[in-house]
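For reference, the chains in residue letters:
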Amino acid sequence: MEWWKHCSIVLAFHCLITPLLHHSVPGLTLACHAMATRFEVVLHGDNPAALRAAGEEALRLVEELEDQLSLFRVSSEIAQLNARAAREPVRVTPSLFALLQQAQKLSEESSGAFDITIAPLVRCWGFMGGMGQMPSAAEVAEARAKVGMGLVQLRPENFTVRFAREGVMLDLGAIGKGYAIERAAEVLREVGVTSALLHGGTSTVQAIGQPPGEEFWKIAIETPSPSKDIPPTLLATVPLKDEAMSVSGVWGNSFEVGGRTFGHIIDPRTGEPALGTVLAAVVLPSATETDALSTALLTLGSAGHERIASLRPGMRTVVVSECGGRLRVEAKGIEVRGAEG
């Protein structure tokens, strides 16, 4: 039973929810399509009607957040910011303002490896709705000049946002799914759900409690494969209990020029696609943080592994790098297997 399929954000691996194959108490499963992927929630409890109502409310919130955060919906708060904030301060809702503040902090902590102003570079490299293209050096330099959280001015006294120059564009693709999942999990907890699993596509999963008869929810990560003809192998089975995990990868949504593969994860500091690292995973209590920090870890790779892993106590991480046609795996707090080290 394979639930998590390839999606537009992370195409390189599957995540398999293994305990659901074995425990004797069936869970209630609900799903919706939002943020260009499939969100699912699996719930356990003694009152099926209450569970269904809670799950539907949680997924309804995910859909509402897409209306707020989508770069591509002209009526969304993010689209309105992108259209107006270079000309005037734009007031946003307190919840969005808090998310932008959190993104600013995560950008600072990762030394700019995570950056929600990345959109001009994503567009420059042809990954905004496409499979990529090779830009000129001048085009990269022009886009890079519009990127950086220093160009975003946040005024907490009136919840306004102002861009320092024309062309700045926010893209919450590397934090929005995690944020939506975390908010949906809050809805479930508030109504008393004690056993549930939520996921958005193949990139982020949040565990509430544990499934019946099990100590943890178990999530399997497969080693990424650069070709559909090469089957992936199991990399790790990660136990989660009241924790979230996000996995970022580059193979899949990429293009090749001159024997080099350029993936869709762009390094905001250089303006170039991140090279060498093919997968990064982060486990923390907050799905918002795991979503952002898995992107930062993928961008920084092995050289930044220690720094990212030390940002939060108890963080668990995996980094998979490609070197000479072989995969090198480094893990902190996660038992890995099925890959060459």
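None of these values were measured; they are calculated from a predicted model. (Residues numbered from 1 in each chain as written. Predicted model: local features only at pLDDT ≥ 70, side-chain atom pairs only at ≥ 80, totals over all residues. Heavy atoms only, no water.)

Draft legend 1. Broad picture of the sheet that holds strand β6 (residues 160-163). In spatial order, the strands read β4-β6-β5; together these three strands make up an open sheet with antiparallel pairing. Two strands lie at the open edges of the sheet, namely β4 (90-91) and β5 (152-155), each paired on one side alone. Bridge analysis of β5 against β6 gives four bridges, and the strand direction is antiparallel. Bridging from a neighbouring strand, Leu154 pairs with Val161 of β6. Packing against the sheet, helix α3 (residues 94-109) makes contact with β5 and β6, and its axis sits at approximately 130° to β5. (Pairing = 2+ DSSP bridges. Helix = DSSP H or I, 4+ residues; strand = E, 2+ residues; numbered from the N terminus. Contact = heavy atoms within 4.5 Å. Axes fitted to C-alpha atoms, helices over the stretch in contact; angles between N-to-C directions.)

Draft legend 2. Region of the structure containing helix α2 (residues 77-84). Every buried residue belonging to α2 is among Glu77, Ile78, Ala79, Leu81 and Asn82, and all of these are buried. Turning to α2, the residues buried within the fold contact α1 (48-69), β4, α3 and β6. (Buried < 20%, exposed > 50% of the residue type's maximum accessible area, 1.4 Å probe, protein only.)

Draft legend 3. Highlighting the packing of aromatic side chains. A full pass over the atoms with the stated rule returns two aromatic pairs. Arranged with centres 5.5 Å apart and planes meeting at 80°, the rings of Phe97 and Phe159 form a pair that is edge-to-face. One end of the pair, Phe97, is in helix α3; the other, Phe159, is in the loop between β5 and β6, with 62 residues separating them in the sequence. With a relative accessible area of 26%, Phe159 lands in the partly exposed category. Judged by centre distance (5.9 Å) and plane angle (25°), the rings of Trp125 and Phe262 are stacked. (Phe/Tyr/Trp six-rings, centres within 6.5 Å; stacked < 30°, edge-to-face > 60°.)

Draft legend 4. Local environment of the sheet that holds strand β7 (residues 196-200). Strand order across the open sheet formed by eight strands is β2-β3-β7-β8-β11-β14-β15-β16, with antiparallel pairing between neighbours. In this open sheet, the two strands that pair with only one neighbour each are β2 (28-34) and β16 (326-332). Each strand axis lies, on average, 10° off the axis of its neighbour in the sheet, ignoring direction. Bridge analysis of strand β8 (residues 204-208) against strand β11 (residues 244-249) gives three bridges, and the strand direction is antiparallel. Bridge assignment links Val205 to a residue of β11, and that residue is Met245.

Draft legend 5. How the structure looks around the pairing of strand β3 (residues 37-43). Counting buried positions over the seven residues of β3 gives six, a clear majority of the element. In terms of strand pairing, β2 meets β3 through seven bridges, oriented antiparallel. Bridge pairing links Thr29 to Val42 in β3. Connecting β2 to the next strand, β3, in antiparallel fashion are two residues, including Met35 with a positive phi near 50°. Taken together, the five bridges between β3 and β7 define a ladder with antiparallel strand orientation. Note on β7: the bridge partner recorded for Leu43 is Ala196.

Draft legend 6. The environment of Leu311, seen in detail. As for its position among the elements, Leu311 is in the loop between α8 (305-309) and β15 (316-323). For the pair Leu311 and Leu106, spaced 205 residues apart in the sequence, the C-alpha separation amounts to 9.8 Å. In this structure Leu311 touches Glu109 and Leu293, once residues within four positions along its chain are discounted.

Draft legend 7. Quick peek at α1. Given a rise of 1.5 Å per residue, 22 residues ought to cover 32 Å, and the 31 Å separating the end C-alpha atoms of α1 matches this to within 8%. When α1 is considered as a whole, its buried residues turn out to be Leu51, Ala54, Gly55, Ala58, Leu59, Leu61, Val62, Leu65, Glu66, Gln68 and Leu69. Along the axis of α1, the buried residues cluster in a sector spanning 165°; they form a single face. Where α1 is buried, its residues meet β2, β3, α2, α3 and α6 (176-190). (Expected span 1.5 Å × (residues − 1). Arc of directions from axis to C-beta.)

Draft legend 8. How the structure looks around the confidence of the model for the protein chain. For the protein chain, mean pLDDT is 88; residues scoring 70 or higher make up 89% of the total. With pLDDT under 50 throughout, residues 1-24 is counted as low confidence; its partners more than four residues away or in other chains account for 72 contacts. (pLDDT = per-residue confidence, 0-100.)

Draft legend 9. Local environment of the environment of Ala103. Take Ala103: it is sitting in helix α3. Placed 72 residues apart in sequence, Ala103 and Ile175 show a C-alpha to C-alpha distance of 7.9 Å. Setting aside its immediate chain neighbours within four residues, Ala103 contacts Phe114, Ile116 and Ile175.

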